[in-house]
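Each chain, written out:
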Amino acid sequence: DVKVTQSSRYLVKRTGEKVFLECVQDMDHENMFWYRQDPGLGLRLIYFSYDVKMKEKGDIPEGYSVSREKKERFSLILESASTNQTSMYLCASSLSDSRRALHFGNGTRLTVT
Amino acid sequence: AQKVTQAQTEISVVEKEDVTLDCVYETRDTTYYLFWYKQPPSGELVFLIRRNSFDEQNEISGRYSWNFQKSTSSFNFTITASQVVDSAVYFCALSEANTGTASKLTFGTGTRLQVTL
């Protein structure tokens, strides 16, 4: 079974802090994704990566950056956290074929105070 | 741009009732894929089903069934004889066919299903 592991289940950070959310997958998937989930808005794509060092903006990239130095690891970076980035963050991975389902981690609930 | 609409925000049913979750999508592509995911209280989204745009056959898996109608751009999900364990948020999602880089899933806003005894 594919395992997507997010390093933290809960995080509390202060406004202005630099925040790193880490995600690791163990199935050699080409694609990795970061979504945020907010009530009433569903899941919205922040960034995705289709190969090492390759990244593309999703629908809401502002205030975020990403890093993919190794195939199995995809990091989401909040350069200067703000309260409107309080949310549930979900990492996912998949094979390159768009028919393939995404496999999700358990999520990181980030609170910015 | 692609769009997925799940008009039902919350549904509450009593155990053993049948329930249908609606999903309507928009896309300009002729080749695309539709998905349903379940998010139980634990938080991890679980893949339930995928359909491609060329296959309009309905599918049944145990108590779950899916009705894909291209003419109305809908991909509805029915749970027969619902159980408390079906309580979760259900997401419908749309993916366009590969264009060289990773294809993105566009999700609906989700339907929260509450099944009570």
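Computed from a predicted structure; not experimentally measured.

A few words now on the state of the cysteines. Throughout the structure, instances matching the rule amount to two disulfides over all chains. With its sulfur 1.9 Å from that of its partner, C23(A) forms a disulfide with C91(A). Torsion about the S-S bond of the C23(A) and C91(A) cystine: about -80°, corresponding to left-handed handedness. Taken together, the positions of C23(A) in strand 3 (residues 19–25) and C91(A) in strand 9 (residues 87–94) put the pair 68 residues apart, joining distant regions of the chain. Across this residue pair, the class does not change: C23(A) and C91(A) are buried. A disulfide bridge connects C23(B) with C92(B), and the sulfur atoms are separated by 1.9 Å. On the sign convention where negative is left-handed, the bridge of C23(B) and C92(B), at about -65° about the S-S bond, is left-handed.

Right, let's get into the nonpolar core. Across soluble globular proteins, nonpolar side chains have a tendency to be buried as a group. All names here are of chain B. Counting 23 residues, the largest nonpolar core has W36, F75, F77, Y90 and L113 as its most contacted members. Taken together, the elements giving at least two residues each to this core come down to strand 2 (10–14), strand 3 (19–21), strand 5 (32–39), strand 8 (64–69), strand 9 (74–79), strand 10 (88–96) and strand 12 (111–116). Considering every element that reaches this core, the biggest residue donor is strand 10, with four residues. F75 has contacts with C23, L34, F35, W36, I49, R51, W66, N67, F68 and C92, leaving out every residue within four places of it along the chain.

With 23 residues of chain B at the interface, the matching set in chain A holds 25 residues. Around 1,900 Å² of area is buried between chain B and chain A when both sides are counted, 56% of it from carbon and sulfur atoms. Applying the counting criterion to the chain B and chain A interface returns zero salt bridges. Elements supplying a minimum of two residues to the side of chain B that touches chain A: strand 5, strand 6 (46–52), strand 10 and strand 11 (105–107) of chain B. The greatest single-element share of the side of chain B that touches chain A, amounting to four residues, is contributed by strand 5 of chain B. Its residues assigned to classes, the side of chain B that touches chain A shows 10 nonpolar, nine polar and four charged.

A separate point is the packing of aromatic side chains. Any pair of aromatic rings gets described here by the distance separating the centres and the angle formed by the planes. Counting across every chain of the model gives 20 aromatic pairs over all chains. A centroid spacing of 5.2 Å and a plane angle of 90° characterise the contact between Y64(B) and F77(B), whose relative ring orientation is edge-to-face. Placement of the pair is Y64(B) in strand 8 and F77(B) in strand 9, with a sequence separation of 13 residues. Taken together through their ring pairs, the aromatic side chains of F33(A), Y35(A), F48(A), F104(A), F35(B), Y37(B), F47(B), F91(B) and F107(B) make up a single cluster.

All names here are of chain B. Topologically, Q6 is positioned in the loop between strand 1 (3–5) and strand 2. In this structure Q6 comes out as buried when scored by relative accessible area, which is 4%. Of the polar contacts made by the side chain of Q6, one reaches the backbone nitrogen of C92; its length is 3.0 Å. Of the polar contacts made by the side chain of Q6, one reaches the backbone nitrogen of G110; its length is 3.1 Å. When residues no more than four places from it in sequence are discounted, the contact partners of Q6 are D22, W36, Y90, F91, C92, G108, T109, G110 and T111.

As a further point, take the pairing of strand 11 (residues 108–112) of chain A. All names here are of chain A. Where burial is concerned, the two faces of strand 11 differ: the one with T108, L110 and V112 is buried and the one with R109 and T111 is not. Taken together, the four bridges between strand 2 (residues 10–13) and strand 11 define a ladder with parallel strand orientation. Among the inter-strand pairings, K13 is bridged to a residue of strand 11, identified as V112. Alignment of strand 9 against strand 11, held across three bridges, turns out to be antiparallel. Bridged to Y89 within strand 11 is T108.

Calculation notes
- Residues numbered from 1 in each chain as written.
- Chains lettered and ligands numbered in written order.
- Predicted model: local features only at pLDDT ≥ 70, side-chain atom pairs only at ≥ 80, totals over all residues.
- Heavy atoms only, no water.
- Disulfide = S-S within 2.5 Å.
- Helix = DSSP H or I, 4+ residues; strand = E, 2+ residues; numbered from the N terminus.
- Buried < 20%, exposed > 50% of the residue type's maximum accessible area, 1.4 Å probe, protein only.
- Core = buried A, V, L, I, M, F, W, Y, C linked by side-chain atoms within 4.5 Å.
- Contact = heavy atoms within 4.5 Å.
- Buried area = accessible area lost by both parts, 1.4 Å probe.
- Salt bridge = Lys/Arg side-chain N within 4 Å of Asp/Glu carboxyl O.
- Nonpolar A, V, L, I, M, F, W, Y, C, P; charged D, E, K, R; others polar.
- Phe/Tyr/Trp six-rings, centres within 6.5 Å; stacked < 30°, edge-to-face > 60°.
- Polar contact = N/O pair within 3.5 Å; in protein donor to acceptor, adjacent residues only side chain to side chain.
- Pairing = 2+ DSSP bridges.

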